[in-house]
Amino acid sequence: MHLWTGAIQRFLYSQAFADGLRTTAAVLTPALLGFYLGNFDISFTVALGAMCAAFTDSAGPVHHKRNGMLLNILLCFVVALFTPLAQGHPFFMGVLIAVVTFVCALFMVYGARAAAVGSTAILVLILTMDKPVAPGKILEHAAQIAAGGGFYLVLSLFFYYLQPYRIAQR
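Here goes a summary of the coordinates provided.

Structural notes on the overall build of the chain
Next, step 1: For the chain, the count of helices and strands is eight helices and zero strands.
Next, step 2: With 170 residues in all, the chain has 38% of them scored as buried.
Next, step 3: Excluding contacts between residues fewer than 6 apart, the proportion of contacts in the chain whose partners are at least 24 apart in sequence is 73%.
Next, step 4: Total accessible area on the chain stands at roughly 10,200 Å², and carbon and sulfur atoms take up 75% of it.
Next, step 5: Mean positive and mean negative side-chain charge positions of the chain (9 and 5 charges, respectively) differ by 14 Å.

Description of the environment of Val117
Next, step 1: Structurally, Val117 can be placed in helix α6 (residues 112–130).
Next, step 2: Val117 sits 18 residues away from Val99 along the chain, and the two C-alpha atoms are 15 Å apart.
Next, step 3: Apart from the residues lying within four places of it in its own chain, the contact partners of Val117 are Thr56, Gly68, Leu71, Asn72, Leu75 and Phe107.

Here we look at the layout of surface pockets
Regions of empty space are outlined by a rolling probe, equal in size to a water molecule, passed over the atoms.
Next, step 1: Estimates place the volume of the second largest pocket at around 190 Å³.
Next, step 2: Around the second largest pocket sit Asp41, Phe44, Thr45, Leu48, Leu127, Thr128, Asp130, Lys131 and His141, which together line it.
Next, step 3: Put simply, the parts of the chain that give the lining of the second largest pocket at least two residues each are α3 (40–55) and α6.
Next, step 4: Split into classes, the residues belonging to the lining of the second largest pocket amount to three nonpolar, three polar and three charged.

Details of the environment of Thr128
Next, step 1: Mapped onto the elements, Thr128 comes out in helix α6.
Next, step 2: Thr128 sits 45 residues away from Thr83 along the chain, and the two C-alpha atoms are 6.5 Å apart.
Next, step 3: Excluding residues that lie within four positions of it along the chain, Thr128 makes contacts with Ala80, Thr83, Pro84, Gln87, His141 and Ile145.

A short note on the packing of helix α5 (residues 90–106) against α6
The description of two packed helices rests on the angle between their axes and on the distance between the axes.
Next, step 1: α6 packs onto α5 with a crossing angle of 160° between their chain directions and a minimal axis gap of 8 Å. With respect to α6, the axis of α5 lies roughly antiparallel. With respect to the hand of their crossing, α5 and α6 are arranged in left-handed fashion. The segment α5 lies against α6, with Met93, Leu96, Ile97, Val100, Thr101 and Cys104 engaging Gly118, Ala121, Ile122, Leu125 and Met129.
Next, step 2: In the contact of α5 with α6, the residues fall into nine nonpolar, two polar and no charged.

A short note on α6
Next, step 1: Here α6 spans 28 Å end to end across 19 residues, near enough to the 27 Å set by a 1.5 Å rise per residue.
Next, step 2: If you check which residues of α6 are buried, you get Arg113, Ala114, Ala115, Ala116, Val117, Gly118, Thr120, Ala121, Val124, Leu125 and Thr128.
Next, step 3: Buried residues in α6 make contact with α3, α4 (62–86), α5 and α7 (138–162).

Quick word on the pattern of salt bridges
Next, step 1: Tallying each qualifying case throughout the model produces four salt bridges.
Next, step 2: When the shortest N-O distance is used, the salt bridge between Lys131 and Asp41 registers 3.7 Å. With Lys131 in the loop between α6 and α7 and Asp41 in helix α3, this residue pair connects regions lying 90 residues apart in the sequence.
Next, step 3: When the shortest N-O distance is used, the salt bridge between Lys65 and Asp57 registers 3.1 Å. Accessibility classification places Lys65 together with Asp57 in one group, the buried group.

Quick notes on the rules
- Residues numbered from 1 in each chain as written.
- Predicted model: local features only at pLDDT ≥ 70, side-chain atom pairs only at ≥ 80, totals over all residues.
- Heavy atoms only, no water.
- Helix = DSSP H or I, 4+ residues; strand = E, 2+ residues; numbered from the N terminus.
- Buried < 20%, exposed > 50% of the residue type's maximum accessible area, 1.4 Å probe, protein only.
- Contact = heavy atoms within 4.5 Å.
- Areas by Shrake-Rupley, 256 points an atom, 1.4 Å probe, with all protein chains shown as cover.
- Lys, Arg positive; Asp, Glu negative; His and termini not counted.
- Charge placed at Lys NZ, Arg CZ, Asp CG, Glu CD.
- 1 Å grid on protein atoms, 1.4 Å probe; cavity = no way out; pocket = protein on both sides within 12 Å on 5 of 7 lines; lining within 4 Å.
- Points joined across faces, edges and corners; volume = space filled by probe spheres on them.
- Nonpolar A, V, L, I, M, F, W, Y, C, P; charged D, E, K, R; others polar.
- Axes fitted to C-alpha atoms, helices over the stretch in contact; angles between N-to-C directions.
- Parallel < 35°, antiparallel > 145°, perpendicular 65-115°, else oblique.
- Left-handed = near helix turned anticlockwise from the far one by under 90°.
- Expected span 1.5 Å × (residues − 1).
- Salt bridge = Lys/Arg side-chain N within 4 Å of Asp/Glu carboxyl O.

See the structure below:
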């Protein structure tokens, strides 16, 4: 019985558990807030941006984390901006898919964090392709994804500056 207690305690104090809690809180907060306020569609879009930023928040120096998440927010914003513009035109959508997929796949050369940035941009492309966005709401849609990423970035940096040596301690 004592062996299980120690293993559970180590897990609850681990970095993986803390990262999981932070990611869960960052993704669920906009979704639950939107559900409570009756804007469920908007909250899912914001939660998508937070989830994409969370994928790029891997271990490493804080300036790499920050720069990776900022690049992720910018790239997801651009992809979310251009995808609805190309939705009604099969040729342009095909070109957009080819270009975004190729460019984002090349990010793998720069390591795991950059690969995550590219993968999340492709994820935004795929999820936005299926969602019809009114022409007057395209910028708003892209801004909601960027806002979710910004929310996660602020939350992640807040926890880092609150306990900067916590990762090393764990």
